[in-house]
Number of protein chains: 2
Amino acid sequence: MNQRATRQRRAVDAVLAEVDDFRGAQEIHDVLRRRGDSVGLSTVYRTLQALADSGEVDVLRGADGETRYRRCSQGHHHHLVCRDCGRTVEVEGPAVERWMDSVAARHGFHDVAHTLEVIGTCAGCHPG
Amino acid sequence: MNQRATRQRRAVDAVLAEVDDFRGAQEIHDVLRRRGDSVGLSTVYRTLQALADSGEVDVLRGADGETRYRRCSQGHHHHLVCRDCGRTVEVEGPAVERWMDSVAARHGFHDVAHTLEVIGTCAGCHPG
DNA sequence: CCTCTCATGAGAATGATTCTCATTCTGATC
DNA sequence: GATCAGAATGAGAATCATTCTCATGAGAGG
Ligand SMILES: [Zn+2]
Ligand SMILES: [Zn+2]
Ligand SMILES: [Zn+2]
Ligand SMILES: [Zn+2]
């Protein structure tokens, strides 16, 4: 999807490759600046969007309204996210996918898409 | 949950009672003004939030980032929404609920919540 | 009526994201 | 290596939903 390889895109890509949970644009922008590999905020946003459009990263919008991105494995899946530390687990549920499709079809809906996210407190963040 | 019954709260409530799909705060504010039963935008937001907190209305955040509200039936359910006309169907899926809980438990997550929405084009909006 | 609060609303403030546009850079070509 | 068209960048302004501020208004009980 991207046409030109620039330092900026490589830099954003690098940050995504290093972490294992969802990160926001501003957060990535900060990391880069702190690292001395500064990239304009607009560019961070643009790059992230391009990556999302091309399916290279997954997008998640948190309760705080901030959009976060994560380089995931290929293939359709959903996420189990810790509300405290952000730890993310990819999960698949073929039966659930089938259910969503069938319930949509049953009601005459076409071109169906869906969002499904599970949020909780992970074992590491759960006292006791 | 609300403490005082005011004209404004009644007005917002009335709009929600009249429609059958998700509506945004600004939209409700406009309807009220047009109707001559004007309510301050801040108050619309506040009322909607209170209704959401008390569980009287369901909340849905669209792809455009706007939060929409709908007076739904009691009990836990999810929604099948038309991306064109907004027509909304409530759906239940006990098996899906169980799956989400079990996958969370399997990964050691506690206090789990989830979001699940299905979006598509309804029969009425689908040509052919 | 009185008063004690909670509620209201106009407008300012917030905060994430997008847009503008002059400048810089990439990649292909010569 | 030198050129060039078009893509990419980024500083700052603009957007837009939502929240906040705080002076004023209005429930509810006495
Ligand atoms: Zn993913
Ligand atoms: Zn955790
Ligand atoms: Zn799915
Ligand atoms: Zn429709």
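Residues numbered from 1 in each chain as written. Chains lettered and ligands numbered in written order. Predicted model: local features only at pLDDT ≥ 70, side-chain atom pairs only at ≥ 80, totals over all residues. Heavy atoms only, no water.

A.B. asks: Residues and numbers for the pattern of salt bridges, please.
C.D. replies: Pairs can form between side chains of opposite charge whenever their charged atoms are close. Applying the stated rule across the entire model yields 20 salt bridges over all chains. One salt bridge in this structure joins A:Arg70 and A:Asp20, with 3.0 Å as the shortest N-O distance. Linking A:Arg70 in strand β3 (residues 67–70) with A:Asp20 in the loop between α1 (7–18) and β1 (23–24), this pair joins segments that are 50 residues apart in sequence. Its relative accessible area of 6% is what places A:Arg70 among the buried residues. Notably, a salt bridge pairs B:Asp21 with B:Arg23, separated by 3.0 Å at the nearest N-O pair. Classification of B:Arg23 by relative accessible area gives partly exposed; the value is 23%. (Salt bridge = Lys/Arg side-chain N within 4 Å of Asp/Glu carboxyl O. Helix = DSSP H or I, 4+ residues; strand = E, 2+ residues; numbered from the N terminus. Buried < 20%, exposed > 50% of the residue type's maximum accessible area, 1.4 Å probe, protein only.)

A.B. asks: Any chance you could break down the protein's contact with DNA strand C for me, citing the residues and the numbers?
C.D. replies: What surrounds DNA strand C is a group of 21 residues, the closest being A:Tyr45, A:Thr67, B:Arg4, B:Thr6 and B:Arg46. Counting only atoms of DNA strand C within 4 Å of the protein, the sugar-phosphate share comes to 67%. The side chain of B:Arg4 places a nitrogen or oxygen atom 2.8 Å from a base oxygen of DNA strand C. Within the side chain of B:Ser42, one N or O atom sits 3.0 Å away from a base oxygen of DNA strand C. Top contributing element to the surface near DNA strand C by residue count: helix α3 (residues 41–53) of chain A, with four residues. Split by residue class, the surface near DNA strand C holds three nonpolar, eleven polar and seven charged. (Near = heavy atom within 4 Å. Polar contact = N/O pair within 3.5 Å; in protein donor to acceptor, adjacent residues only side chain to side chain. Nonpolar A, V, L, I, M, F, W, Y, C, P; charged D, E, K, R; others polar.)

A.B. asks: Describe in detail the coordination of the zinc ion (ligand 2), supporting the description with residues and values.
C.D. replies: Residue and element names in this part refer to chain A. Each protein donor to the zinc ion (ligand 2) is listed here as Cys82 (SG), Cys85 (SG), Cys122 (SG) and Cys125 (SG); together their distances run 2.2 to 2.3 Å. All donor residues of the zinc ion (ligand 2) come from one chain, and their arrangement in sequence is C-x2-C-x36-C-x2-C. Taken together, the residues span a long stretch of sequence, with cysteine 85 in the loop between β4 (78–82) and β5 (88–91) and cysteine 122 in the segment after β6 (110–121) at a distance of 37 residues. (Donors = N, O, S within 2.8 Å, 3.2 Å for Na, K, Ca; no water.)

A.B. asks: Go over the protein's contact with DNA strand D with me, naming the residues and quoting the values.
C.D. replies: By nearness alone, 20 residues border DNA strand D, and A:Arg4, A:Thr6, A:Arg46, B:Tyr45 and B:Thr67 come closest of all. Counting only the atoms of DNA strand D that lie within 4 Å of the protein, the sugar and phosphate share comes to 62%. Between a sugar or linking oxygen of DNA strand D and a side-chain N or O atom of A:Gln8, the distance comes to 2.9 Å. Within the side chain of A:Arg9, one N or O atom sits 3.0 Å away from a phosphate oxygen of DNA strand D. Of all the elements in the fold, those that place two or more residues in the surface near DNA strand D are α1 and α3 of chain A together with α3 (41–53) of chain B. With four residues, the top contributor of residues to the surface near DNA strand D is α3(B). A class-by-class count of the residues in the surface near DNA strand D yields three nonpolar, ten polar and seven charged.

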